[in-house]
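The primary structure of each chain is shown beneath.
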Amino acid sequence: MFYREAGQFKTSYKADQALFPILQDRIGMAVILIIAFVVIPAFANDFFLTSIMIPFLVFALAAIGLNILTGYCGQLSLGTGAFMGVGAYAAYKLTSIFPDANVIVMVLVSGVFSAAIGAVFGLPSLRIKGLYLAVTTLAAQFFLEWCFIRIPWLYNYNASGAIEVPRREMFGFIVTGAEALPITRYFVVLCITAGIAYLMANVLRGRIGRSWMMIRDMDIAAELMGVRPLRTKLMAFAVSSYICGVAGAMMVFFWLNAAEPSSYSIRLSFQILFMVILGGLGSLGGAFMGAAFIWILPVLLKFVPGLLGIDIAAETVEHATFMIVGALIIFFLIAEPHGFARLWQIAKQKLRVWPFPY
Amino acid sequence: MLYDIFIDPFVQMYDMPDFFLQVLWEGFVAGILYALIALGFVLIFKASGVFNFAQGIMVVFAALTLVGFHENGVPAYMALVLTVFVMGILAYGVERIVMRPLVNQPEIILLMATIGLTYFLVGFGEFVFGGEPKQMITEELGLPTGSTAFEIGERGLIILQHIDIAAAVIAVIMVTALGIFFNKTRIGRALRAVADDHQAALSVGISLNQIWAIVWFAAGLVALATGIMWGARSDVSFALEIVAFKALPVLILGGFTSIPGAIVGGLIIGFGEKIGELYWGGLVGGGVESWLAYIIALVFLLFRPQGLFGERIIERI
C-alpha cells in the first residue's frame, strides 16, 4: 500500500531503465540526500561530524570497494586494509611531490596506484580459488604492511615513521590538515562517497557488473558463455582496490590527519569484511548499513551505559563490542545470510502488501 | 648485489656451520609448532569441510584458561583436566549453536562464521581473563626448562632449549596418536567416512552432529597442546593470535585435507622462514618473517593449486 509500483507506467526506455524507476524510491533517495547535504551540516556539532559521520562515510566507501570484489565477483579478500594503506601512502607521496596540486584530485589519483597493486595481487585468482585465494590476499596484507614500515621513502624519511597530512587549501577553504573545519571535511567526504556510490550503482547493473556476477555464480559456466575470466577478475580486483585506495586516502586526509602502518593492519581488513557481511553481500545499500552498524555500535555502547548512570570501564566496552559483533555475525549468518540489505527488502515487501500479511 | 644474493649466504652457511645448525633447529621447532596449529585446521576441515579460522584463537583461549585456573589456586594438573573439560564444552557449544544451523551452507559462509567465532572468543577471553600477557605454568606441569649446549668441532656451539625438544616429542606423539585414532578406532573410521561423503555417512547411521562435536573437541585438545608449547616459549597473550595466520600458508602448502601435508608444510615454512630471515632478510631491511611464509605458499600454489598432498580439484558444471 505504501510502497507500490502499480500504476506507474513508463512511456520511454529511458524511464524504464532509470536507476530508481519507482517514485517511492526516488522520494526516499531525495530525503536521504537532503538529510546528508542539508540537515546534518545544519544541525550536527563537530563531535558528531568527526567521530561518527566522517568515519562512517569513509568505511562505507571501503565496504563498497570490498563488496565489489567479494559480494559481486565472489573473490574473498582479506587484504582490504593493505589496499587502503596503498591509497593513503600514494596520496601522501603525491601531495608531497606536487604540493600545489589540488588535494582532492590527488586523493582520487592515489586510487590508481592502489588499483595497479590490487591487480597484481589479483593475478593468482586465475589459478587459485575460494579459500586458497583468501590466503593469497593475506600475503598482500602482510607484505604491503611490511613495505609501509621498511621503505622509508614512502613516509619521506620521517623519524616517527608515520605519515602526517600537510595543510592544503582549495577555493579559500582549508581542506586538509589539523586546522580544517569538520564541516568542510564532511562535505568533501560526502561528495566523493556519494559520487563513487552513484557511479558503481550504474556500473554494477551494466555489462561489467553482470559479468562479475556471472563469475561469482559459476566461473566455468561464465567462461563457456563468453566472459573472459582474466579480464573480468582483474577488473574486479582493480576497481575494488581503486575504491578501497580512495577510502584509505580519505581516512588519513579527512579524518585521522596522521596514520601509522598499524592503522592499516589486518584488523581493518576484518572490520571492513564484517561491514560487508552484516550489510549484505552484493548490495550497495548494505555496505552503508553495515558500515553504520559496525562503526556506530561501539560508540553507542560507550555512551549508553553512561547515560543510564552505569559506570563501565573502557576495556569492558571494547570486549563487549567484540563479543556482540562476533555473536551478531554468527546470528546473521544463521538467520539471514543476506544481511541488512535483505531485511530492508523484506520491509519493503511488507509495506507493499500492507495491511495484508502477504 | 648479485654476490650478496646468490653467493654470500652460502659462504656464511659454510663458514659458520654451528650458526647454520642453530638456525635449522630454530626453524624445525617453529615448523613443528606451525604444524600443530595446522593440524587443528586439518582435523576440522576433513570432517566437516569447515575452514576453521578460530583455531588460532582456540590456542590462545585454551592456554589462557589453563593459566587462569592455576592463578585461582587450582593445582596444575587439575587445571589441565578442567581446561580439557572447558574445551569439551566449547566444542559442544560450537557444534550446537554455530555448526548445526549452518549445515550445507557454502564454505565461504562457514568460514565467515568461524571468523565471527574468533571475534567472540577474543572478546570473551579478554573479558574473563584480562588483556595483559600471562606466564605459562611450564614448571608446574612438569615440562622441562633450561637448555643444553652441544659443542661442534672446535669453534662451534649450539644451544637446544629443553622445552623445544619436549615440543617436538609431544608433536610426534600427538600425530601418531591421531593417526592410530583415525585408522584403528570405530570413531576414527566414522570421522573418515564423514570426511568422504556426508550423505553416505548419514545413510549408514553415523551421527553427523556427534562426529562434529568430537572433531571440534579433538581440535580443542590439539589447540591446548599447541597453546602450552607456544606459551612456554613466549608469554600467553592475544598476540599469539598472529601465529594462527602463519598456519594458513602451512595449510596451503600441505593441502587442506592432509595430516602429513600439515607437518611437511609446517616444516618447510619453519625452515624457509628462519633461513630466509637470517641469511637474506638483511638485504631488504629485515623483518621478512611476517610475509615470507605467504610468498613461499603463493609460489607453490601457482604450480600446485591443491597443495602438496591435497586431493586433486576437479571442477564440473
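Residues numbered from 1 in each chain as written. Chains lettered and ligands numbered in written order. Predicted model: local features only at pLDDT ≥ 70, side-chain atom pairs only at ≥ 80, totals over all residues.

A.B. asks: Tell me about the overall build of chain A, residues and numbers included.
C.D. replies: A tally of regular secondary structure across chain A gives 14 helices and four strands. Against the globule reference of 21 Å for 358 residues, chain A gives a C-alpha radius of gyration of 21 Å, in line with a compact fold. Considering only C-alpha atoms, chain A reaches an extent of 65 × 60 × 45 Å along its principal axes. Residues classed as buried in chain A amount to 44% of the 358 residues present. Within chain A, contacts between residues at least 6 apart in sequence are counted, and of these 76% link residues at least 24 apart. (Helix = DSSP H or I, 4+ residues; strand = E, 2+ residues; numbered from the N terminus. Rg over C-alpha atoms; globule rule 2.2 N^0.38 Å. Buried ≥ 20, exposed ≤ 12 C-beta atoms within 10 Å, placed from the backbone. Contact = placed C-beta atoms within 7 Å.)

A.B. asks: Talk me through the interface of chain B and chain A; I want residue IDs and the actual numbers.
C.D. replies: Between chain B and chain A, the contact holds 38 residues from the first and 33 residues from the second. Mapped onto the side of chain B that touches chain A, the elements with two or more residues apiece are helix 6 (107–129), helix 11 (241–254) and helix 13 (289–303) of chain B. Among the elements that make up the side of chain B that touches chain A, the one with the highest residue count is helix 6 of chain B (16 residues). A breakdown of the residues in the side of chain B that touches chain A according to their chemical character gives 29 nonpolar, six polar and three charged. (Nonpolar A, V, L, I, M, F, W, Y, C, P; charged D, E, K, R; others polar.)

A.B. asks: Hey, could you go over the environment of G68 of chain B for me, with residue numbers and the actual values?
C.D. replies: Tracing the backbone through its elements, the reader meets G68 of chain B in helix 4 (residues 55–71). Sequence spacing of G68 of chain B and V128 of chain B is 60 residues, and the spatial spacing of their C-alpha atoms is 9.0 Å.

A.B. asks: An account of the packing of helix 6 (residues 131–150) of chain A against helix 11 of chain B is needed here, citing residue identities and associated values.
C.D. replies: The interhelical angle for the contact between helix 6 of chain A and helix 11 of chain B, taken along N-to-C directions, is 130°, at an axis separation of 10 Å. Comparing their axes, helix 11 of chain B and helix 6 of chain A come out oblique. In this structure, helix 6 of chain A crosses over helix 11 of chain B, and the sense of that crossing is left-handed. Residues Y132, V135 and L138 of chain A of helix 6 of chain A lie in contact with helix 11 of chain B, whose contacting residues are F245, L248, P249 and I252 of chain B. (Axes fitted to C-alpha atoms, helices over the stretch in contact; angles between N-to-C directions. Parallel < 35°, antiparallel > 145°, perpendicular 65-115°, else oblique. Left-handed = near helix turned anticlockwise from the far one by under 90°.)

A.B. asks: Can you break down unusual backbone geometry residue by residue, with the values?
C.D. replies: All names here are of chain A. The peptide bond linking W354 to P355 adopts the cis configuration, its omega dihedral lying at 5°. Examined against the element boundaries, P355 turns out to sit in the segment after helix 14 (339–353). With a phi angle near 70°, N257 is a residue other than glycine that sits in the positive phi range.

A.B. asks: Requested: an account of the confidence of the model for chain B, with residues and values cited.
C.D. replies: Per-residue confidence for chain B averages 81 on the pLDDT scale, and 94% of its residues sit at or above 70. When pLDDT is averaged over each helix and strand of chain B, the minimum, 70, is found for strand 1 (residues 147–152) of chain B and the maximum, 89, for helix 5 (residues 76–99) of chain B. (pLDDT = per-residue confidence, 0-100.)

A.B. asks: Tell me what's going on with the environment of A63 of chain B, and back it up with residues and numbers.
C.D. replies: All names here are of chain B. If you trace the backbone, A63 turns up in helix 4. Owing to 30 C-beta atoms within 10 Å, A63 belongs among the buried residues under this scheme. Sequence separation between A63 and L224 is 161 residues; the distance between their C-alpha atoms is 6.2 Å. Once residues lying within four places of it in the same chain are set aside, the contact partners of A63 are M136, G227, I228, G231 and V236.

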